[in-house]
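Letter by letter, the chains look like this.
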Amino acid sequence: MGKIIAVVNQKGGVGKTTTAVNLTAALHDLGLRVLLCDFDPQANATSGLGVDKRKIKYSIYDVTINGIPVEDAIVKTPYGDVLPSSAELAGASVELISTNHRERQLEMALQKAKGSYDLIFVDCPPSLELLTLNALCAADGILVPVQCEYYALEGLSDLMSTLRMVKRKMNPRLEIFGVALTMFDGRTNFSTQVAQEVRRHFPGKVFATIIPRNIRLAEAPSHGIPVTAYDRSSRGSTAYKAMAEEIQRKL
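Just so we're clear, the structure is a prediction, and the values are computed from it rather than from any experiment.

A.B. asks: Lay out the overall build of the chain in plain terms, naming residues and giving numbers.
C.D. replies: Looking only at helices and strands, the chain features 12 helices and seven strands. Seen along its three principal axes, the alpha-carbon backbone of the chain occupies a region of about 50 × 40 × 30 Å. For the chain, the proportion of its 251 residues judged to be buried stands at 56%. For the chain, the share of sequence-separated contacts (at least 6 apart) that also reach a separation of at least 24 residues comes to 78%. Total accessible area on the chain is roughly 11,000 Å²; 50% of this is exposed by carbon and sulfur atoms. Placing the 29 positive and 26 negative side-chain charges of the chain at their respective mean positions leaves the two points 4 Å apart.

A.B. asks: Which residues make up the side chain of Arg104, and what values do they have?
C.D. replies: Among the secondary structure elements, Arg104 is positioned in the loop between helix H5 (92-96) and helix H6 (105-114). At a separation of 2.9 Å, a polar atom in the side chain of Arg104 contacts the side chain of Glu107. Each residue touching Arg104, except ones within four places of it in the same chain, is listed here: Asn134, Cys137, Met170 and Asn171.

A.B. asks: Report on the nonpolar core, specifying residues and quantitative values.
C.D. replies: One finds Leu83, Leu106, Val122 and Ile142 to be the most contacted residues of the largest nonpolar core, which totals 52 residues. Discounting residues that sit within four places of it in the chain, Leu83 has contacts with Leu35, Leu36, Cys37, Asp38, Ile60, Val63, Val70, Ala73, Ile74 and Leu110.

A.B. asks: Go over the packing of helix H1 (residues 16-29) against helix H12 (residues 235-250) with me, naming the residues and quoting the values.
C.D. replies: In the contact formed by H1 and H12, the axes pass within 9 Å of each other and the chain directions differ by 70°. As summarised for this structure, H1 and H12 are arranged roughly perpendicular, according to the angle between their axes. Counted together, Thr18, Thr19, Asn22, Leu23, Ala26 and Leu27 of H1 and Tyr240, Lys241, Met243, Ala244, Ile247 and Gln248 of H12 form the full contact between these two elements. Looking at the contact of H1 with H12 residue by residue, the classes come out as seven nonpolar, four polar and one charged.

A.B. asks: Quick rundown of the state of the cysteines? Include the residues and the values.
C.D. replies: Each disulfide consists of one covalent bond between the sulfur atoms belonging to two cysteines. Enumeration according to the criterion identifies zero disulfides in this entry. Take Cys137: it sits in no disulfide, and the sulfur closest to it among the cysteines is that of Cys124, at 11 Å.

A.B. asks: Please give an account of H12 that cites residues and values.
C.D. replies: A rise of 1.5 Å per residue sets the reference length of H12, with its 16 residues, at 22 Å; its end C-alpha atoms lie 23 Å apart and thus fit the reference within 8%. Elements in contact with the buried residues of H12: H1, strand E5 (119-123), strand E6 (141-147), strand E7 (175-182), helix H10 (215-219) and helix H11 (227-230).

Definitions and cut-offs
- Residues numbered from 1 in each chain as written.
- Predicted model: local features only at pLDDT ≥ 70, side-chain atom pairs only at ≥ 80, totals over all residues.
- Heavy atoms only, no water.
- Helix = DSSP H or I, 4+ residues; strand = E, 2+ residues; numbered from the N terminus.
- Buried < 20%, exposed > 50% of the residue type's maximum accessible area, 1.4 Å probe, protein only.
- Contact = heavy atoms within 4.5 Å.
- Areas by Shrake-Rupley, 256 points an atom, 1.4 Å probe, with all protein chains shown as cover.
- Lys, Arg positive; Asp, Glu negative; His and termini not counted.
- Charge placed at Lys NZ, Arg CZ, Asp CG, Glu CD.
- Polar contact = N/O pair within 3.5 Å; in protein donor to acceptor, adjacent residues only side chain to side chain.
- Core = buried A, V, L, I, M, F, W, Y, C linked by side-chain atoms within 4.5 Å.
- Axes fitted to C-alpha atoms, helices over the stretch in contact; angles between N-to-C directions.
- Parallel < 35°, antiparallel > 145°, perpendicular 65-115°, else oblique.
- Nonpolar A, V, L, I, M, F, W, Y, C, P; charged D, E, K, R; others polar.
- Disulfide = S-S within 2.5 Å.
- Expected span 1.5 Å × (residues − 1).

Below you can see the structure in the form of C-alpha cells.
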C-alpha cells in the first residue's frame, strides 16, 4: 500500500510544484510506481509532466465532485502517472461545502488508487483552504518546500498549527515527511543562514539535499517536461535525483 504525501506550503513561489513534478520523475526513474495528483486549479503540475490540460477527458475535479472512477482520470506519462487538474477545480471548494464529509473527498478518491502505487504526491494550492484540508486528511505525511530567502519561515507557523489541528481532529497518522530547502543561492551567506534556521525549526526533518537556484529548473516547465528529462546533467536535475534517493531510502 503506497504512501500519500501532500506537497504543501501556503506561501506561493517556493518551488512547490517544481518539487512535486521533479520528484515524481526522479522516483519514477528509480523504478518506483509514482502518481502525481494535481490538486491545484492552476494545473501547473499537469502541464509540467507533459499533459495538455485542454485535451484531458477527466480531471481530479470529476473524480471528487462528479464521482468519476479515479482510474478513468489517471494519465500515464514517461515520467510517472498524473491525476490531472483543471480550471473547474477552482470552484470545488464552494461545491464541497454542502457535501457530507466534505474534507474527505480526496481521501476517498485516492484510496482506490493507493494499492497501485508506491508513492502518491498531492500538489496542493498555495493556500490553507478546503482543497488543502482535503489533501491533509488524505495524506500520510507532508513535504514542505521552503525557499532559502527572506520571509522563508513566515507563514510556516500557520501551516504547523493547521497540521496539528488536522492531526488531532481528523487524521492522526499525519506527520511531517520532510522539509525541502529550495532556491538556494550559494553565493550569499543569507541562504546559508536561512537553511540553518529551517534546520533548527525542524530538527531531523530537513532533507540533506538542497535544491539550488538553477536556470534549467525554470526553463523545463515551458517545454512540458521535468528537468530530469530536459537537462539530466544540470544542477537542478542532479539535486532532485539526490533528493529522490533520500526519499527512496526513507520509504
